[in-house]
Amino acid sequence: MMRLPKFDYRLPRTIAEAVKIMANSGPEGQFVAGGTDLYPNMKRRQQMPQTVISVMRLPELHQISGDANSGIRIGASVTLTEICEHPLINQDYPFLAQAARTISTPILRNMGTIGGNLLLDTRCNYYDQNYEWRKGINFCLKKDGDVCWVAPGSSKCWAVQSADLVPVMVAVGAKLRFVSTLGERLIEAAGLYNDDGIDYLHKRQDELLIDIQLPPTNGWRASYQKLRRRGAFDFPVLGVAAFVSVDRSKMVQQARIVLGGIAPSPVAVHEASQALIGGPLDDKHIETAAEAAYVKARPLDNTDFVYNWRKQMARQYTIRALTDLTFS
Ligand SMILES: Cc1cc2nc3c(=O)[nH]c(=O)nc-3n(C[C@H](O)[C@H](O)[C@H](O)COP(=O)(O)OP(=O)(O)OC[C@H]3O[C@@H](n4cnc5c(N)ncnc54)[C@H](O)[C@@H]3O)c2cc1C
Ligand code: SF4
């Protein structure tokens, strides 16, 4: 049985208290929300914080406010189940409930949060193993070792960004609000992710995610399509998020296709956007955009399924995501 290492557990009741505890804990502190990723990682000795600071008793982080006209704010500790079931989200931001429903299992969704999902550790076959397994291969660059088994000779870790909501938030232009003892900042989801499996976030360890802000739903739609081995529950080995807005004559005004599950950060396919903008969302334009996604997708052999097939699937899943966005 894998056991948790010893650590101090703190349960602050205010944001000010939470960021102060974090500042006093230094690099050994880490926030936890539902713990569905952090605690297994701690059991596997991948992450070993001395002080674990829960964000689940901070009231502001549980709120959902706003509407389709002004945009909505979703607190970082809102659970995935709450997102799946929330009437406003289902009515006006259905793509979000659609994507959240594909994450893990109903029980884990009761615990797991939107914030934890957006800040999830990257994944790799050589890393998501217990301590003894990793010791057996002399560890790897991401933790305790000095070689990357996926690309020996590479100084970079290629562990994969595998959180389902990440490509979705990047595609729709969400913003994330962080707070620390140094102040507050609001950043675009597109600017949060770094193309490095170790240093995968443009975020300081002491920054607390407060909420996620989605834009008003004025004429755009979004969809998420996920490839995974087990339909019941599994991490994505490819996720395609599509965002499209059209004008009055149904010509595409804005389009974004973002691929998840194939690289250390989400991959925006700008060529697909260019192929769609200015034309109708018909089969011909969708196929051109899907071809651009196929060309851009360069998955590595470090998660489930053969990478060549995952590359082929980038085309098919882009077609699915765009076909889902009918503007009748
Ligand atoms: C069996 C299993 C299957 C899974 N399947 C999927 C899947 O299909 N798709 C998927 O995307 N995920 C999956 N997950 C991962 C996980 O359950 C979800 O991503 C979940 O949303 C994580 O949320 P959490 O609140 O539990 O995160 P936690 O484990 O609490 O935290 C995750 C990370 O976020 C940080 N963090 C959390 N909240 C904050 C905050 N407010 N401010 C700053 N840092 C914060 C933590 O420090 C940690 O680094 C799976 C997990 C398991 C165990
Ligand atoms: S990509 Fe390389 S360094 Fe990163 S986790 Fe996998 S084996 Fe380790």
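What you see is a predicted model, and the numbers here were worked out from it, not measured in a lab.

S.K.: Whenever I open this one, the overall build of the chain confuses me. Can you help?
M.R.: Helix and strand counts for the chain stand at 12 helices and 12 strands. Taking 328 residues into account, the globule formula puts the C-alpha radius of gyration at 20 Å, and the chain, at 20 Å, falls close to it. Taken over the C-alpha atoms alone, the chain extends approximately 60 × 45 × 35 Å along its principal axes. Within the chain, buried positions represent 51% of all 328 residues. Here the contacts in the chain between residues at least 6 apart in sequence split such that 62% fall between residues at least 24 apart. Only carbon and sulfur atoms are counted for the fraction: they give 51% of the accessible area of the chain, which is about 15100 Å². With 38 positive and 33 negative side-chain charges, the chain shows a spacing of 3 Å between the two charge centroids.

S.K.: In this structure, what is going on with the pairing of strand β7 (residues 183–188)? I would like to understand it.
M.R.: Each regular strand carries side chains that alternate between the two faces of the sheet. Taken together, the 6 bridges between strand β6 (residues 175–180) and β7 define a ladder with antiparallel strand orientation. Bridge pairing in β7 links Val179 to Glu184. Between the antiparallel neighbours β6 and β7 lie 2 residues.

S.K.: Help me understand the site of ligand 2, please; the structure alone is not making it clear to me.
M.R.: Surveying the vicinity of ligand 2 reveals the residues Cys124, Tyr126, Tyr127, Cys140, Leu141, Lys142, Cys148, Trp149, Val150, Cys157, Trp158 and Ala159. Looking at the shell around ligand 2 residue by residue, the classes come out as 11 nonpolar, no polar and 1 charged.

S.K.: Even after reading the chapter, I still don't get the site of ligand 1, so can you show me in this structure?
M.R.: In the neighbourhood of ligand 1, 31 residues make up the surrounding shell, with Phe31, Thr36, Thr113, Asp164 and Asp234 lying closest. Leu209 places a polar main-chain atom, nitrogen or oxygen, 2.9 Å from a nitrogen atom of ligand 1. Burial of ligand 1 by the protein amounts to 92% of the accessible area it has alone, namely 980 Å². Of all the elements in the fold, those that place two or more residues in the shell around ligand 1 are β2 (29–32), α7 (114–118) and β8 (208–214). Examining the composition of the shell around ligand 1, we find that 3 residues originate from one element, β2, more than from any other.

S.K.: Just to check I follow, could you spell out the sheet that holds strand β9 (residues 220–227) for this structure?
M.R.: Overall, antiparallel pairing links the 4 strands, which are arranged β9-β10-β11-β12 in an open sheet. At either margin of the open sheet sits one strand with a lone partner, and together these are β9 and β12 (267–268). Summarising the sheet, β9 and strand β10 (residues 238–246) pair through 8 bridges and their orientation is antiparallel. Residue pairing in the sheet places Leu227 in a bridge with Leu238 of β10. Across the sheet, helix α9 (residues 165–172) is in contact with β9, β10 and β11 (252–260); its angle to β11 comes to roughly 160 degrees. Sheet contacts for helix α12 (residues 307–323): β9, β10 and β11; angle to β10, the most-contacted strand, approximately 30 degrees.

S.K.: Explain the pattern of salt bridges here, please?
M.R.: Proximity of charged atoms lets side chains of opposite charge pair with each other. Applying the stated criterion across every chain yields a total of 16 salt bridges. Here Asp144 makes a salt bridge to Lys143, at a shortest N to O gap of 3.1 Å. Accessibility expressed as a relative area gives 45% for Asp144, which makes it partly exposed. Close ionic contact of Glu207 with Arg185 constitutes a salt bridge, the shortest N to O distance being 2.6 Å. Here Glu207 is found in the loop between β7 and β8, whereas its partner Arg185 is found in strand β7, with 22 residues between them in sequence. For Glu207, a relative accessible area of 4% corresponds to the buried category. Residue Arg185 is classed as partly exposed on the basis of its relative accessible area, which comes to 30%. The network of salt bridges with common partners includes Arg73, Arg177, Glu184 and Asp211.

Criteria and thresholds
Residues numbered from 1 in each chain as written. Chains lettered and ligands numbered in written order. Predicted model: local features only at pLDDT ≥ 70, side-chain atom pairs only at ≥ 80, totals over all residues. Heavy atoms only, no water. Helix = DSSP H or I, 4+ residues; strand = E, 2+ residues; numbered from the N terminus. Rg over C-alpha atoms; globule rule 2.2 N^0.38 Å. Buried < 20%, exposed > 50% of the residue type's maximum accessible area, 1.4 Å probe, protein only. Contact = heavy atoms within 4.5 Å. Areas by Shrake-Rupley, 256 points an atom, 1.4 Å probe, with all protein chains shown as cover. Lys, Arg positive; Asp, Glu negative; His and termini not counted. Charge placed at Lys NZ, Arg CZ, Asp CG, Glu CD. Pairing = 2+ DSSP bridges. Near = heavy atom within 4 Å. Nonpolar A, V, L, I, M, F, W, Y, C, P; charged D, E, K, R; others polar. Polar contact = N/O pair within 3.5 Å; in protein donor to acceptor, adjacent residues only side chain to side chain. Axes fitted to C-alpha atoms, helices over the stretch in contact; angles between N-to-C directions. Salt bridge = Lys/Arg side-chain N within 4 Å of Asp/Glu carboxyl O.

Keep in mind that these numbers describe shape and distance, not what the molecule does.
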